[in-house]
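# Reading the structure
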Amino acid sequence: QVQLVESGGGLVQAGGSLRLSCAASGRTFSSYIMGWFRQAPGKEREFVSAIGWTGGRTDYADSVKGRFIISRDNAKNMVYLQMNSLKPDDTAVYYCVASDKGGSYHDIGKYNYWGQGTQVTVSS
């Protein structure tokens, strides 16, 4: 069982940066693939980024590649999403996710644990 709590969301101007954090409970954090999804108003939830157990493998949605960086600290049970060069289209609720299943990082069905979400709003 894993519980996820996000923080770091807020209001930022276009071109600015935010860093999201996700604190995970559980003693087996390092055995989970961790990631971020987001959902904008009126849109489906979409994959943003994910990171493997050791942090050696990462994956990003094309829309955030080159602007966002995912990282994790297994000693602290934390995962982070550094978001740079933010755009109004990045406005959404961002969810931290965890998975102990195989398969594509982009597959929403793969993730069996979800946080409550944190709002990110980018003004133009």
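Everything in this summary refers to the structure shown in the same document. Remember, predicted model here, so these are calculated numbers, not experimental data.

### Points about the overall build of the protein
- Counting its regular elements, the protein contains zero helices and eleven strands.
- Shown N-terminal to C-terminal, the secondary structure of the protein runs as helices and strands in the order β-β-β-β-β-β-β-β-β-β-β.
- Taken against the 2.2 N^0.38 rule, which gives 14 Å for 124 residues, the C-alpha radius of gyration of the protein at 13 Å falls within 12% of a compact globule.
- On the principal axes, the C-alpha backbone points of the protein span a range of 40 × 25 × 25 Å.
- Classification of the 124 residues of the protein by burial places 45% in the buried group.
- Counting contacts in the protein only where the partners sit at least 6 residues apart, residues at least 24 apart contribute 58% of the total.
- With the model as given, the accessible surface of the protein reaches about 6300 Å², and the carbon-plus-sulfur share is 47%.
- Separation of charge centres in the protein, based on 13 positive and 10 negative side chains, amounts to 5 Å.

### Let's talk about the pairing of strand 3 (residues 18-24)
- Counting buried positions along strand 3 yields five of seven residues, so the element is predominantly enclosed.
- Pairing of strand 3 with strand 8 (residues 78-83), which is carried by six bridges, proceeds in the antiparallel orientation. Note that in strand 8 the partner of Cys22 across the bridge is Val79.

### Some thoughts on the packing of aromatic side chains
- Applying the stated criterion across every chain yields a total of five aromatic pairs.
- Aromatic side chains Phe37 and Tyr111 sit 5.3 Å apart centroid to centroid with 70° between the ring planes, which places their arrangement in the edge-to-face category. You can see Phe37 sitting in strand 4 (residues 33-39) and its partner Tyr111 sitting in the loop between strand 9 (92-99) and strand 10 (113-114), a full 74 residues away along the chain. Note on accessibility: Phe37 and Tyr111 belong to one class, buried.
- When the ring of Phe37 is compared with that of Trp114, the centres are 5.3 Å apart and the planes differ by 50°; the resulting orientation is tilted.

### Focus on the sheet that holds strand 3
- One open sheet accounts for four strands, arranged 1-3-8-7; its pairing is antiparallel. Two strands in the sheet have a free side with no partner beyond their single neighbour: strand 1 (4-7) and strand 7 (68-73). Taking the axes of each pair of neighbouring strands and ignoring which way they run, one obtains an average angle of 15° across the sheet.
- Where strand 1 lies against strand 3, four bridges are found, and the strand directions are antiparallel. Its bridge partner lying in strand 3, Val5 is registered against Ala23.

### Observations concerning the pattern of salt bridges
- Within this structure, the stated rule accounts for four salt bridges.
- With a closest N to O distance of 2.9 Å, Arg38 and Asp90 form a salt bridge. Note that Arg38 is positioned in strand 4 and Asp90 in the loop between strand 8 and strand 9, a separation of 52 residues in sequence. For the pair shown, Arg38 and Asp90 are each scored as buried.
- Taking the shortest distance from any N to any O, the salt bridge between Asp90 and Arg67 comes out at 2.7 Å. One end of the pair, Asp90, is in the loop between strand 8 and strand 9; the other, Arg67, is in the loop between strand 6 (58-60) and strand 7, with 23 residues separating them in the sequence.

So, how was this worked out
Residues numbered from 1 in each chain as written. Predicted model: local features only at pLDDT ≥ 70, side-chain atom pairs only at ≥ 80, totals over all residues. Heavy atoms only, no water. Helix = DSSP H or I, 4+ residues; strand = E, 2+ residues; numbered from the N terminus. Rg over C-alpha atoms; globule rule 2.2 N^0.38 Å. Buried < 20%, exposed > 50% of the residue type's maximum accessible area, 1.4 Å probe, protein only. Contact = heavy atoms within 4.5 Å. Areas by Shrake-Rupley, 256 points an atom, 1.4 Å probe, with all protein chains shown as cover. Lys, Arg positive; Asp, Glu negative; His and termini not counted. Charge placed at Lys NZ, Arg CZ, Asp CG, Glu CD. Pairing = 2+ DSSP bridges. Phe/Tyr/Trp six-rings, centres within 6.5 Å; stacked < 30°, edge-to-face > 60°. Axes fitted to C-alpha atoms, helices over the stretch in contact; angles between N-to-C directions. Salt bridge = Lys/Arg side-chain N within 4 Å of Asp/Glu carboxyl O.

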